[in-house]
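Residues per chain, in single letters:
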Amino acid sequence: MKKILISLTAFLTLFSLPVLAQGAAAVPAPKVDSGDTAWMIVATALVLLMTIPGLALFYGGLVRRKNILSVLMQCFIITAVISIEWVMVGYSWAFGSSKGALAPFIGGFDWSFLHGIKPSDLSPYFISHSQPTGHIVNGAPEMTGTIPHLVFIMFQCMFAVITPALIIGAFAERIKFKGFLVFTVLWALFVYNPVAHWVWSADGWLFKLGALDFAGGTVVHINAGIAALVTALMLGKRRDYQGHALPPHNIPFVAIGAALLWFGWFGFNAGSGLAADGLAGSAFLVTNLATATAAFVWAILDWFVGKKPTVVGICTGAVGGLVAITPAAGFVDVTGAFAIGIAVALVCYFMVAYVKPKLGYDDALDAFGVHGIGGILGALMTGLFATPFIQSAYSGAFYGNAHQFIIQLVAVGSTIAYTAIGTFILFKIVQVTIGVRATEKEEAVGLDETQHAETGYTYFD
């Protein structure tokens, strides 16, 4: 009897091996997907293009000719210094894990200097293809991405670069280079990194709350926009500011810069799904549609109010559309894109053309009026227009989930409060130690000569 049982057991074991093998084969081991990786490398390069030369030319054309080099220098030095800071500690603080009560608010030092991360390692952040939610999730071994970890780090590095670069539009033409540089590094460390952790790390408290920010409405645009307003108010107005924008010196630069931003933004938004798939295609489409809608509506407003459509106006409208669709790009359909494009053009136009002159603050290049307000509007409208037609796991108030709008309100409000307080403290520290405001003479001569001993243009008699 014992021999019969042993023989039966052996037979059943041999019979079950092919079945077990088939079951194991049904769940393939995670591995690098060459298509996803190639797309993410391109998307990373596109996001870099947004800062240099895109934003550099857009902002550079808007200032006066005596300050164009200062803007270009600020964009280049931010790209350099934040890339270093990101590898040293920024990525670890933003996406790493910490222990105890700090875990929801800031990462630790485990990935400082990218310690222990090999070229063959897969990103711990992924897009779930079995449940097409498109949301970035951290950590568990079975939740492994299809791109190398180092590619994800580089992609996020470009976000960390462009965010403080957006702020320079508020204090353009009147800040000392040394003070600007120290403030920028401090702000990246103690404002950008924590907010990125809140929203995009699986440990982050806003991530766990369910806040939706596909590509940076809160982390990038609200964060930068509120910091822009605070710094503009603390620094004070330009000496010759008369309550309205000073004429841009090179509108072709503005148009070229805006076009490069539009182009690079496809990497910003369509790349945030971390895969070359249908979600990336959807984000690509709605990004273009919202941007085109906002640009067109702004041109019509210019035409109606000022009697002439302007190049600066249509470029500003396009940037506003890019900003507002950013948090929503992976969650809304064509209807949401149209609504966001129309709304952001109307609201930001009102902020720039009426509210700023009425209140008299000198947000030199409308960093707050476009990025701050556009980011707030986009984040809130994500809570209205997110549709399960795009991602089955997510819906907004107009699709039966009013609670999502409340969550978006919490995310927006907490980001505004933290950024405003953090920016004020850091700017004040720099202000009272090494100084940030250019002297009256430096401002009159121009920052190009006084801060960099160069001029952007050569004059011949």
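Scoring rules and cut-offs
- Residues numbered from 1 in each chain as written.
- Predicted model: local features only at pLDDT ≥ 70, side-chain atom pairs only at ≥ 80, totals over all residues.
- Heavy atoms only, no water.
- Core = buried A, V, L, I, M, F, W, Y, C linked by side-chain atoms within 4.5 Å.
- Buried < 20%, exposed > 50% of the residue type's maximum accessible area, 1.4 Å probe, protein only.
- Helix = DSSP H or I, 4+ residues; strand = E, 2+ residues; numbered from the N terminus.
- Contact = heavy atoms within 4.5 Å.
- Phe/Tyr/Trp six-rings, centres within 6.5 Å; stacked < 30°, edge-to-face > 60°.
- Lys NZ or Arg CZ within 6 Å of the ring centre and 35° of its normal.
- Axes fitted to C-alpha atoms, helices over the stretch in contact; angles between N-to-C directions.
- Left-handed = near helix turned anticlockwise from the far one by under 90°.
- Nonpolar A, V, L, I, M, F, W, Y, C, P; charged D, E, K, R; others polar.

### A look at the nonpolar core
Here is step 1 of the chain: By size, the foremost hydrophobic cluster in this structure holds 133 residues, and its most contacted members are Phe58, Tyr59, Trp86 and Tyr192.
Here is step 2 of the chain: For this core, the element with the most residues is helix H4 (residues 149-171), which contributes 16 residues.
Here is step 3 of the chain: Those residues in contact with Phe58 that lie beyond four places of it in its chain are Phe253, Val254, Gly257, Ala258, Leu261, Cys315 and Val319.

### Some details on the packing of aromatic side chains
Here is step 1 of the chain: Using the criterion set out here, one finds 26 aromatic pairs in the structure.
Here is step 2 of the chain: Measuring from centroid to centroid gives 5.4 Å for Tyr91 and Phe95, while their planes differ by 25°, and the two rings are stacked. Remark: Phe95 and Tyr91 occur in helix H3 (residues 68-95); sequence separation between them is 4 residues, near one turn of the helix. Just as Tyr91 is buried, Phe95 falls in that class too.
Here is step 3 of the chain: Geometrically, the ring pair formed by Phe331 and Tyr394 is edge-to-face, given 5.3 Å between the ring centres and 75° between the ring planes. Taken together, the positions of Phe331 in the loop between helix H10 (311-325) and helix H11 (334-359) and Tyr394 in the loop between helix H12 (367-385) and helix H13 (402-433) put the pair 63 residues apart, joining distant regions of the chain. There is no split in this pair, since Phe331 and Tyr394 are both buried.
Here is step 4 of the chain: Here the aromatic cluster, defined as three or more aromatic residues joined through ring pairs, consists of Trp86, Tyr91, Phe95, Trp111, Phe152 and Tyr192.
Here is step 5 of the chain: Sitting over the ring of Tyr457, Arg65 keeps its end group 5.2 Å from the ring centre.

### Side note on the environment of Ile342
Here is step 1 of the chain: Its place among the elements puts Ile342 in helix H11.
Here is step 2 of the chain: You can call Ile342 partly exposed: its relative accessible area is 38%.
Here is step 3 of the chain: For the pair formed by Ile342 and Ala295, sequence separation is 47 residues and the distance between their alpha carbons is 9.0 Å.
Here is step 4 of the chain: Those residues within four positions of Ile342 in sequence are excluded, and the remaining contacts are Thr293 and Val297.

### Observations regarding the packing of helix H9 (residues 278-306) against H10
Each pair of packed helices can be described by the angle between their axes along with the distance between the axes.
Here is step 1 of the chain: At a closest axis distance of 7 Å, the pairing of H9 and H10 adopts a crossing angle of 145°. Judged by the twist between their axes, the crossing of H9 over H10 is right-handed. Note on element contacts: H10 touches H9 through Gly313, Ile314, Thr316, Gly317, Ala318, Gly321, Leu322 and Ile325, opposite Val286, Thr287, Ala290, Thr291, Ala294, Ala295, Trp298, Ala299 and Asp302.
Here is step 2 of the chain: Tallied by class, the residues present in the contact of H9 with H10 amount to 10 nonpolar, 6 polar and 1 charged.

The values reported here are purely geometric and, on their own, carry no functional implication.
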